[in-house]
Amino acid sequence: ASGKTRVAVTLANYNSPDFLLYICPFSCKDNIDAELQRWGLECPYRIVGYETLSSSNKTYMAIRSELESHERNFIIADESIFIKKGTTKRFRRSCELRKLCKWALVLNGTPIVNNERDIYNQMEFLSHKIFNMNYYEFLQTFFIEHVFKKQGREAHVWNFYTPNRPAFAKIIEPYVYMADLVFEHKVRKNYR
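Below is a summary of the structure that appears in this document. Since the structure is predicted, the reported quantities are computational estimates derived from the model, not experimental observations.

1. Re the nonpolar core
The tendency in soluble globular proteins is for nonpolar side chains to be buried as a group.
Reasoning step 1: In this structure, Leu-21, Leu-97, Phe-125, Phe-131, Phe-138, Phe-142 and Phe-168 are the most contacted members of the largest nonpolar core, which totals 33 residues.
Reasoning step 2: Among the elements that take part in this core, helix α6 (residues 117-126) stands out by supplying five residues, more than any other.
Reasoning step 3: Every residue in contact with Phe-131, bar those within four places of it in the chain, is listed here: Ile-119, Tyr-120, Met-123, Phe-138, Phe-142, Phe-168, Ile-171 and Ile-172.
Reasoning step 4: Leu-20, Tyr-22, Ile-32 and Leu-41 belong to the second-largest nonpolar core, a separate cluster that totals 16 residues.

Structure below.
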């Protein structure tokens, strides 16, 4: 347990939203519900799985309606690597719901799985103003395109241009919080 749900609850309670939407993998819903209650979330909430969000029009429309009935919504995308690919229905729907929310938070233990491209859609979910460019402009700014032939077809690979790493880091730094929990005192208890 990294404590990210506790931090999320603290941030939500600080902002006093009318409603909180928590999006996570379906398999995590029960655990998240227990964590939200454990850490004392002070507003009504709904937890929905990414899988349900992308496959159920009825659920999606019900959530939209619920968000539209409140003015101060908070949305959390947990395990945000689930929205790293911009062509998926879960990403598009998550972003549409995000537009109905005053506050947004993404949570993830590993925000970059493949390469720096994974960050774009997570930041786009938070706010388009972070990079303030579309995906293709983002690729052209921070990556180098390599074109080669593969089985008689042209293939395109985008590799991160490492000299741009300081500029990239400077853009995302205000929106990224990394916790490296180091405990000075360890307590060991033996139970029989």
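2. Some thoughts on the packing of helix α4 (residues 57-68) against helix α5 (residues 89-98)
Reasoning step 1: Packing of α4 against α5 brings their axes to within 10 Å, and their N-to-C directions diverge by 15°. Viewed along their axes, α4 and α5 adopt a mutual orientation that is roughly parallel. Handedness of the α4/α5 crossing: right-handed. On the side of α4, the interface is formed by Asn-57, Tyr-60, Ile-63, Arg-64 and Leu-67, while α5 contributes Lys-89, Arg-93, Glu-96 and Leu-97.
Reasoning step 2: Residues that form the contact of α4 with α5 fall into these classes: four nonpolar, one polar and four charged.

3. Some points on the side chain of Arg-93
Reasoning step 1: Here Arg-93 lies in helix α5.
Reasoning step 2: At a separation of 2.3 Å, a polar atom in the side chain of Arg-93 contacts the side chain of Asn-57.
Reasoning step 3: Every residue in contact with Arg-93, bar those within four places of it in the chain, is listed here: Leu-53, Ser-54, Ser-56, Asn-57 and Tyr-60.

4. Structural notes on helix α1 (residues 4-15)
Reasoning step 1: Here α1 is 12 residues long and its end C-alpha atoms lie 17 Å apart, about the 16 Å a rise of 1.5 Å per residue gives.
Reasoning step 2: Looking only at α1, the buried set comprises Thr-5, Ala-8, Val-9, Ala-12, Asn-13 and Asn-15. Projected down its long axis, α1 carries its buried residues within an arc of 165°, all on one side. Residues of α1 that are exposed and point more than 90 degrees away from the buried face comprise Thr-10 and Tyr-14.
Reasoning step 3: Contacts from the buried residues of α1 go to β1 (19-24), α2 (29-38), β3 (73-78) and β4 (103-107).

5. Focus on the environment of Tyr-135
Reasoning step 1: On the secondary structure map, Tyr-135 appears in helix α7 (residues 135-142).
Reasoning step 2: The class for Tyr-135 is partly exposed, based on a relative accessible area of 33%.
Reasoning step 3: In sequence terms Tyr-135 and Gly-86 are 49 residues apart; their C-alpha atoms lie 8.7 Å from each other.
Reasoning step 4: Leaving out residues up to four positions away in the same chain, Tyr-135 has contacts with Arg-117 and Tyr-120.

6. Observations concerning α6
Reasoning step 1: With nine of 10 residues buried, α6 is to be regarded as a mostly interior element.
Reasoning step 2: Taken as a whole, α6 has its buried residues at Asp-118, Ile-119, Tyr-120, Asn-121, Gln-122, Met-123, Glu-124, Phe-125 and Leu-126.
Reasoning step 3: Looking at the packing, one finds that the buried side of α6 touches β3, α5, β4, α7 and α8 (165-172).

7. Remarks on the pattern of salt bridges
Side chains that carry opposite charge are capable of pairing whenever their charged atoms lie near each other.
Reasoning step 1: Enumeration over the complete set of coordinates arrives at eight salt bridges.
Reasoning step 2: A salt bridge links Arg-64 to Glu-68; its shortest N-O distance comes to 3.4 Å. In this pair, Arg-64 and Glu-68 are both assigned in helix α4, four residues apart and thus about one turn of the helix distant.
Reasoning step 3: Note on Arg-64: relative accessible area 19%, which makes it buried.
Reasoning step 4: Salt-bridge contacts for Arg-165 lead to Glu-116; the nearest nitrogen and oxygen are separated by 3.0 Å. Of the two residues, Arg-165 sits in helix α8 while Glu-116 sits in the loop between β4 and α6, which places them 49 residues apart along the sequence.
Reasoning step 5: Given a relative accessible area of 38%, Arg-165 falls into the partly exposed group.
Reasoning step 6: Within the structure, one salt-bridge network assembled from shared partners comprises Lys-4, Asp-78 and Glu-79.

Conventions adopted
Residues numbered from 1 in each chain as written. Predicted model: local features only at pLDDT ≥ 70, side-chain atom pairs only at ≥ 80, totals over all residues. Heavy atoms only, no water. Core = buried A, V, L, I, M, F, W, Y, C linked by side-chain atoms within 4.5 Å. Buried < 20%, exposed > 50% of the residue type's maximum accessible area, 1.4 Å probe, protein only. Helix = DSSP H or I, 4+ residues; strand = E, 2+ residues; numbered from the N terminus. Contact = heavy atoms within 4.5 Å. Axes fitted to C-alpha atoms, helices over the stretch in contact; angles between N-to-C directions. Parallel < 35°, antiparallel > 145°, perpendicular 65-115°, else oblique. Left-handed = near helix turned anticlockwise from the far one by under 90°. Nonpolar A, V, L, I, M, F, W, Y, C, P; charged D, E, K, R; others polar. Polar contact = N/O pair within 3.5 Å; in protein donor to acceptor, adjacent residues only side chain to side chain. Expected span 1.5 Å × (residues − 1). Arc of directions from axis to C-beta. Salt bridge = Lys/Arg side-chain N within 4 Å of Asp/Glu carboxyl O.

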